[in-house]
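Now for the letters of each chain:
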Amino acid sequence: MNPLQKREISTLARHIKQAQRIVIFSHVNPDGDSVGSCLGMYLYLQGKGKAAQVIIPNHILDFLKWVPGADRIIIGKENPEEAARLIVEADLIFYLDFNEIDRLEQLAEYPQKNRKAFHVVIDHHPGPKIEADLLFSDITVSSTAEIIFKILQNLDPGKEMDQDIATALFAGIMTDTGCFRYNASNSDTWEAVSELMKSGIDYDDIYSRIYDNYSEHRMRLMGYALDKKMVILPELHTGYIWLTKEELIKYHYVIGDTEGFVNLPLSVRGIRFSALFLEQGKKIKISFRSKGSFAVNKFSSAYFNGGGHLNAAGGECYENMKDTLLRFEKLARDFSDEI
Ligand code: 5GP
Ligand code: MN
């Protein structure tokens, strides 16, 4: 931690000490990093004897329900009144792994009504826009869970980390790096992992709970997507997969089933830019990934109303699938020098 962050750490320590009621927010549709970060922080605060509560706006995916503490999360959609009460009564509020208040969806209005609370944002997405009293933001770090690991280390220097906290944070780092395949080329990440391992976490068990936990339908959908719906454009170093509403229904799609599909074309030799198009009602939801310097967050914000990281972004389009794909292919041709 640099000296500035040391000052921020002592500010955070002071506010944690004073706090009576703490809320920890994940973003809507939380991924492993968001859930792992929230639960790591939650378990740490619990260990300090603090009344803390993790709140997720909509729901938690099955493959994350085993993370220690997940059974105590409040889901905003299921318990709207309790969630609202906890938020307006909180004196310390954490926003973990997101940069825009809209990602709290229907809950976004409540923290804005509670300006007496101390608001802390911890994130690794570019351009944090949440009004914060304290901000830990670093886009070069693999995951929010890794930032939280560093913060906890600095809050309690030299103290061995509790195994459940380490498990939650490890799950966050593991999922945001696609099991250490991307955003994991900084030695700090491996040092963090090494420290987490020392707390006695069960790597094989965590791996299995995350990556050997798919439904049969999801595996068959992936097979179909690869065989029939992946388009490879070698001359553009680009590949994409597209799935219609009917196809998703046929394979009994549930949220989370297409997680990771966007990366599949990148495993084809020479492919450096990939996309996944999913038909959702009137909207096409798009994910983008790249290898190297092609900035998919800029590409997505310029042409598909989205954003994200340099190599991982998302966006949307309100044209039909055929027109969306034509537009995408034309843009890939326009940018072929950069891809
Ligand atoms: P994914 O493709 O996994 O849904 O998202 C990849 C990254 O892009 C995530 O970091 C996410 O925050 C960001 N992202 C996904 N969809 C959108 C979007 O519609 N708008 C913005 N601004 N970011 C998005
Ligand atoms: Mn993340």
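As the structure is a prediction and not an experimental result, all values here were calculated from the model.

For the rest of this paragraph, the subject is the coordination of the manganese ion (ligand 2). Protein coordination at the manganese ion (ligand 2): the donors are Asp 33 (OD), Asp 97 (OD), His 124 (NE2) and Asp 176 (OD), at 2.2 to 2.4 Å from the metal. We note that the donor set of the manganese ion (ligand 2) lies within a single chain, spaced as D-x63-D-x26-H-x51-D. A residue pair is termed long-range when its members are at least 10 positions apart, and His 124 in the loop between strand S5 (118-123) and strand S6 (134-137) and Asp 176 in helix H6 (residues 163-176) qualify at 52 residues. Grouping residues by exposure puts His 124 and Asp 176 together as buried.

Reading across from one edge, S3-S2-S1-S4-S5-S6 is the order of the six strands in this open sheet, with parallel pairing throughout. At either end of the open sheet lies a strand with only one pairing partner, and these are strand S3 (74-75) and S6. Examined bridge by bridge, strand S1 (residues 21-25) and strand S4 (residues 92-96) share four bridges and lie parallel to one another. Paired with Ile 22 across the bridge in S4 is Leu 92. In the packing of helix H5 (residues 144-155) onto the sheet, the strands contacted are S4, S5 and S6, and the crossing angle to S5 comes to about 120°.

A few words on the site of ligand 1. In the neighbourhood of ligand 1, 13 residues make up the surrounding shell, with His 125, Lys 285, Ser 287, Arg 289 and Gly 307 lying closest. With respect to ligand 1, the side chain of Arg 289 contributes an N or O atom lying 2.9 Å from an oxygen atom. Between ligand 1 and Gly 314, the relevant distance is 3.2 Å, taken from an oxygen atom to a main-chain nitrogen or oxygen of the residue. Expressed as a share of its isolated accessible area of 490 Å², the protein-covered part of ligand 1 is 70%.

All right, on to the domain arrangement of the protein then. We note that the domain assignment places domain 1 (3-211) and domain 2 (216-334) within the protein. With six residues of domain 1 in contact, the opposing surface of domain 2 contributes six residues. Between domain 1 and domain 2 the total buried area reaches about 570 Å² when both faces are included, carbon and sulfur atoms providing 60% of it. Contact with domain 2 buries area across many residues of domain 1, yet Leu 61, Pro 126 and Tyr 182 alone supply 47% of it, more than any other trio. Linking domain 1 to domain 2 there are zero salt bridges. One can count two residue pairs in polar contact (both at pLDDT 80 or more) joining domain 1 with domain 2. Class assignment for the residues of the side of domain 1 that touches domain 2 results in three nonpolar, three polar and no charged.

The rules behind these values
- Residues numbered from 1 in each chain as written.
- Chains lettered and ligands numbered in written order.
- Predicted model: local features only at pLDDT ≥ 70, side-chain atom pairs only at ≥ 80, totals over all residues.
- Heavy atoms only, no water.
- Donors = N, O, S within 2.8 Å, 3.2 Å for Na, K, Ca; no water.
- Helix = DSSP H or I, 4+ residues; strand = E, 2+ residues; numbered from the N terminus.
- Buried < 20%, exposed > 50% of the residue type's maximum accessible area, 1.4 Å probe, protein only.
- Pairing = 2+ DSSP bridges.
- Contact = heavy atoms within 4.5 Å.
- Axes fitted to C-alpha atoms, helices over the stretch in contact; angles between N-to-C directions.
- Near = heavy atom within 4 Å.
- Polar contact = N/O pair within 3.5 Å; in protein donor to acceptor, adjacent residues only side chain to side chain.
- Areas by Shrake-Rupley, 256 points an atom, 1.4 Å probe, with all protein chains shown as cover.
- Domains from an automatic or database assignment.
- Buried area = accessible area lost by both parts, 1.4 Å probe.
- Salt bridge = Lys/Arg side-chain N within 4 Å of Asp/Glu carboxyl O.
- Nonpolar A, V, L, I, M, F, W, Y, C, P; charged D, E, K, R; others polar.

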